[in-house]
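# Structural features, examined
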Amino acid sequence: MAIVDKKLRMTKQRRTILEEIKKSKSHPTADKIYDLVKKKIPGISMGTVYRNLDILSGEGLVRKLELAHTQRRYDGNIKNHYHILCTECGRVDDMITMGVDDIEELLGARSHYQITGHRLKFFGLCPDCKNRVKQAASVYRK
Ligand SMILES: [Zn+2]
Ligand SMILES: [Zn+2]
């Protein structure tokens, strides 16, 4: 992996934290990351994990997701992409979007602003919650 490219010193702890986030597809919370890392480094403290998460996201090696609701989550995919949040269970998935990748360029040209960022979030029910709601509704009807 070409992640040690930066000046940032990669301690074993930091590297393990980064690897666990990169491996996870579920946009884990800090607590979840702590659980995962603890399996690899049993003695690690929560404070160490939190501190390293701050450093890693500050260096742009992981993305900190601000999704209202729930705890802060982290994403190993630092490419620009969008998320959908389940308002029932808090699950977060990547959202496949089409045609918005060059939105900043497009709107920058139109507004004459220099656009430095944007946020786009989706909310809804994940497949599991959608089914649960559907089942509950059909039981209720009987
Ligand atoms: Zn859900
Ligand atoms: Zn993501």
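Keep in mind it's a predicted model, so treat the numbers as computed, not measured.

## Observations regarding the coordination of the zinc ion (ligand 1)
Coordination of the zinc ion (ligand 1) by the protein comes from Cys-86 (SG), Cys-89 (SG), Cys-126 (SG) and Cys-129 (SG), over a distance range of 2.3 Å. Considering all four donor atoms around the zinc ion (ligand 1), angles at the metal cover 104 to 115° and the coordination shape is tetrahedral. Donor residues for the zinc ion (ligand 1), ordered by position in the chain, follow C-x2-C-x36-C-x2-C. Judged by relative accessible area, Cys-126 falls into the buried class, the value being 7%.

## Notes on the coordination of the zinc ion (ligand 2)
Around the zinc ion (ligand 2), the protein contributes the donor atoms His-27 (NE2), Asp-75 (OD), His-81 (NE2), His-83 (NE2) and Asp-94 (OD), at 2.0 to 2.2 Å from the metal centre. Of note, the donors binding the zinc ion (ligand 2) are all from one chain and are spaced H-x47-D-x5-H-x1-H-x10-D. The pair formed by Asp-75 and His-81 is uniform in burial state, with each residue classed as buried.

## Here's the deal with the pattern of salt bridges
Per the counting criterion, the structure on display carries four salt bridges. The salt bridge partner of Glu-66 is Arg-72, with a shortest N-O separation of 3.9 Å. On the accessibility criterion, Glu-66 (40% relative accessible area) is partly exposed.

## Notes on the packing of helix α1 (residues 12-23) against helix α2 (residues 30-40)
Look at α1 against α2: their axes get within 10 Å of each other, and the N-to-C directions meet at 120°. Between α1 and α2, the crossing angle belongs to the class labelled oblique. α2 is crossed by α1, and the crossing has right-handed handedness. Along its contact with α1, which presents Thr-16, Ile-17, Glu-20, Ile-21 and Lys-23, the element α2 presents Ile-33, Leu-36, Val-37 and Lys-40. In terms of residue class, the contact of α1 with α2 is made up of five nonpolar, one polar and three charged.

What counts, and where the lines are drawn
Residues numbered from 1 in each chain as written. Chains lettered and ligands numbered in written order. Predicted model: local features only at pLDDT ≥ 70, side-chain atom pairs only at ≥ 80, totals over all residues. Heavy atoms only, no water. Donors = N, O, S within 2.8 Å, 3.2 Å for Na, K, Ca; no water. Tetrahedral: all angles 85-135°; square planar, octahedral: opposite > 155°, others 65-115°. Buried < 20%, exposed > 50% of the residue type's maximum accessible area, 1.4 Å probe, protein only. Salt bridge = Lys/Arg side-chain N within 4 Å of Asp/Glu carboxyl O. Axes fitted to C-alpha atoms, helices over the stretch in contact; angles between N-to-C directions. Helix = DSSP H or I, 4+ residues; strand = E, 2+ residues; numbered from the N terminus. Parallel < 35°, antiparallel > 145°, perpendicular 65-115°, else oblique. Left-handed = near helix turned anticlockwise from the far one by under 90°. Contact = heavy atoms within 4.5 Å. Nonpolar A, V, L, I, M, F, W, Y, C, P; charged D, E, K, R; others polar.

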